[in-house]
Amino acid sequence: MRALLLLLPLGLIAGCGETSNRTGRAFSASGEVIAMSGGEGGPANACFTCHGLDGGGDGVSTPRLAGLDAGYLQKQMEDYASDLRHDAVMTPVAKELDHAGRRAVAAYYAGMPAPASAIRTASAPPAAWLHADPGQGLASCAACHGPEGQGMGPGYPAVAAQPAAYTAEQLHRWARAERRNDPRGVMRTAVARLSPEEVRAIAAWLAGRPAAPAHGTGVASATDPAQAVERPAASRAGHRLDPRSGA
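Since we're looking at a predicted model, the values are computed, not measured.

Student: I tried to follow the overall build of the protein on my own but got confused; where do I start?
Tutor: Of regular secondary structure, the protein possesses 12 helices and 0 strands. Counting helices and strands in the order they occur from the N terminus, the protein gives α-α-α-α-α-α-α-α-α-α-α-α. Pairs at least 24 apart in sequence give 68% of the contacts found in the protein among residues at least 6 apart. When the accessible area of the protein is evaluated, it comes to approximately 12,200 Å², of which 62% is carbon and sulfur surface.

Listed below in structure tokens is the structure:
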């Protein structure tokens, strides 16, 4: 009888663990479920509370996720989880998910249509967006992110149609080395040449550009400087440094 009583708590513990695992699986069954529930991190980590039901962000400082490249989104989630890209909000959220969960939620947002922006500007791009610095091995912003900020394919992410405050903050983080998930510091080097006025001008102009559909790589992009030779001659020198992590 005593042996049975001693074994009883162990049986209860095992039963609770199995129930807990089933509960965790239920809250991370798909990317949509994770976005709506927060996965095993619970409701406080639910993506939609900040990024909206349509994945469009808040239009102020929370970025749009809908329609971004799946590989780019997955890489950012992995970098948050490893603390390579530290953020007080996103790092704990990403750490609560396993690799499969981060991949699933990235694919979910990549598959959503980008919401139509209320902001549209017809102004010309700032000179700083078009300016290259071959002396430092740097291409222009446009050479890597596209003339309209809609990206240049896998590894060269879209940066258009994001809130100006968010874009400016990310550029400042690169400059202060608070964001460092770029290979060989290419983004920090690129941003270091920008004045505060140029940062604001670029961020405001990008906010008025139309969003582009995701390229849908399905996997996190890897650094491949060899792709630089496929770029137009005017930007080849700058692509010796490859901003694969994006903005």
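Resuming the write-up.
Student: What is the right way to read the nonpolar core from this model?
Tutor: Among soluble globular proteins, nonpolar side chains are generally buried collectively. By size, the foremost hydrophobic cluster in this structure holds 21 residues, and its most contacted members are Leu-73, Met-77, Val-105 and Tyr-109. Looking at this core, the elements with two or more residues in it are helix 2 (31-37), helix 4 (70-82), helix 5 (90-95) and helix 6 (99-110). If you look at the next biggest cluster of nonpolar residues, it comprises 19 residues, including Trp-129, Leu-171, Trp-174 and Ile-202.

Student: Explain helix 11 (residues 196-207) here, please?
Tutor: Compared with the 16 Å implied by 1.5 Å per residue over 12 residues, the 17 Å span of helix 11 between its first and last C-alpha is a close match. Taken together, the buried positions of helix 11 are occupied by Val-199, Ile-202, Ala-203, Trp-205, Leu-206 and Ala-207. Elements that come into contact with the buried residues of helix 11 comprise helix 7 (127-130), helix 8 (141-145) and helix 9 (164-175).

Student: How should the pattern of salt bridges be read in this particular structure?
Tutor: Between side chains of opposite charge, a pair can form when the charged atoms approach closely. Under the criterion given, the structure shown has 8 salt bridges. A salt bridge links Arg-102 to Glu-78; the nearest nitrogen and oxygen atoms lie 3.0 Å apart. You can see Arg-102 sitting in helix 6 and its partner Glu-78 sitting in helix 4, a full 24 residues away along the chain. Using a relative accessible area of 10% as the deciding quantity, one classes Arg-102 as buried. For Arg-209, the salt bridge identified is with Glu-148, shortest N-O distance 3.0 Å. Of the two residues, Arg-209 is situated in the loop between helix 11 and helix 12 (233-236) and Glu-148 in the loop between helix 8 and helix 9; the sequence distance between them amounts to 61 residues. When its relative accessible area of 6% is taken as the criterion, Arg-209 is described as buried. We classify Glu-148 as partly exposed; its relative accessible area is 32%.

Student: What am I meant to see in helix 4 here?
Tutor: Because each turn of an α-helix spans 3.6 residues, side chains separated by three or four positions in sequence point in the same direction. Taking 1.5 Å per residue, 13 residues should reach 18 Å; helix 4 reaches 18 Å between its end C-alpha atoms and fits that length. The element helix 4 is extensively covered by neighbouring structure, given that 12 of its 13 residues are classed as buried. Looking only at helix 4, the buried set comprises Ala-70, Gly-71, Tyr-72, Leu-73, Gln-74, Lys-75, Gln-76, Met-77, Glu-78, Asp-79, Tyr-80 and Ala-81. On its buried side, helix 4 packs onto helix 5 and helix 6. N-cap assignment for helix 4: the residue whose side-chain oxygen lies 3.2 Å from the backbone N of Gly-71 is Asp-69. Looking at the residues trailing helix 4, positive phi occurs at Asp-83, about 70°.

Student: What exactly am I supposed to notice about the packing of aromatic side chains here?
Tutor: The description of an aromatic ring pair uses the distance of the two centres, along with the angle that the planes make with each other. Per the stated rule, a full pass over the model turns up 2 aromatic pairs. Summarising the aromatic geometry, the rings of Tyr-108 and Tyr-109 are spaced 5.1 Å apart at their centres and angled 65° between planes, so their arrangement reads as edge-to-face. With relative accessibility at 3%, the residue Tyr-109 sits in the buried group.

Student: Quick question: what am I supposed to make of unusual backbone geometry here?
Tutor: A negative phi holds for most residues other than glycine; trans holds for most peptide bonds. The backbone of Asp-83 sits at a positive phi, close to 70°, despite the residue not being glycine. With phi around 55°, Arg-184 is a residue other than glycine that occupies positive phi space. For Arg-184, the position within the fold is in the loop between helix 9 and helix 10 (186-192).

Student: Looking at this model, I keep getting lost on the packing of helix 4 against helix 6. Mind explaining?
Tutor: Two quantities define a packed helix pair, namely the angle between the helix axes and the distance between the axes. With their axes 8 Å apart at the nearest point, helix 4 and helix 6 run at an angle of 140° to one another. Where helix 4 crosses over helix 6, the two elements pack in a sense that is right-handed. Note on element contacts: helix 6 touches helix 4 through His-99, Arg-102, Arg-103, Val-105, Ala-106, Tyr-109 and Ala-110, opposite Ala-70, Leu-73, Gln-74, Met-77, Glu-78 and Ala-81. Within the contact of helix 4 with helix 6, the residues separate by chemical class into 8 nonpolar, 2 polar and 3 charged.

Student: In this structure, what is going on with the environment of Val-159? I would like to understand it.
Tutor: Inspection of the secondary structure puts Val-159 in the loop between helix 8 and helix 9. Owing to a relative accessible area of 6%, Val-159 belongs among the buried residues under this scheme.

Parameters and conventions
Residues numbered from 1 in each chain as written. Predicted model: local features only at pLDDT ≥ 70, side-chain atom pairs only at ≥ 80, totals over all residues. Heavy atoms only, no water. Helix = DSSP H or I, 4+ residues; strand = E, 2+ residues; numbered from the N terminus. Contact = heavy atoms within 4.5 Å. Areas by Shrake-Rupley, 256 points an atom, 1.4 Å probe, with all protein chains shown as cover. Core = buried A, V, L, I, M, F, W, Y, C linked by side-chain atoms within 4.5 Å. Buried < 20%, exposed > 50% of the residue type's maximum accessible area, 1.4 Å probe, protein only. Expected span 1.5 Å × (residues − 1). Salt bridge = Lys/Arg side-chain N within 4 Å of Asp/Glu carboxyl O. Polar contact = N/O pair within 3.5 Å; in protein donor to acceptor, adjacent residues only side chain to side chain. Phe/Tyr/Trp six-rings, centres within 6.5 Å; stacked < 30°, edge-to-face > 60°. Axes fitted to C-alpha atoms, helices over the stretch in contact; angles between N-to-C directions. Left-handed = near helix turned anticlockwise from the far one by under 90°. Nonpolar A, V, L, I, M, F, W, Y, C, P; charged D, E, K, R; others polar.

Without other data, these values stay purely geometric and don't point to any function.
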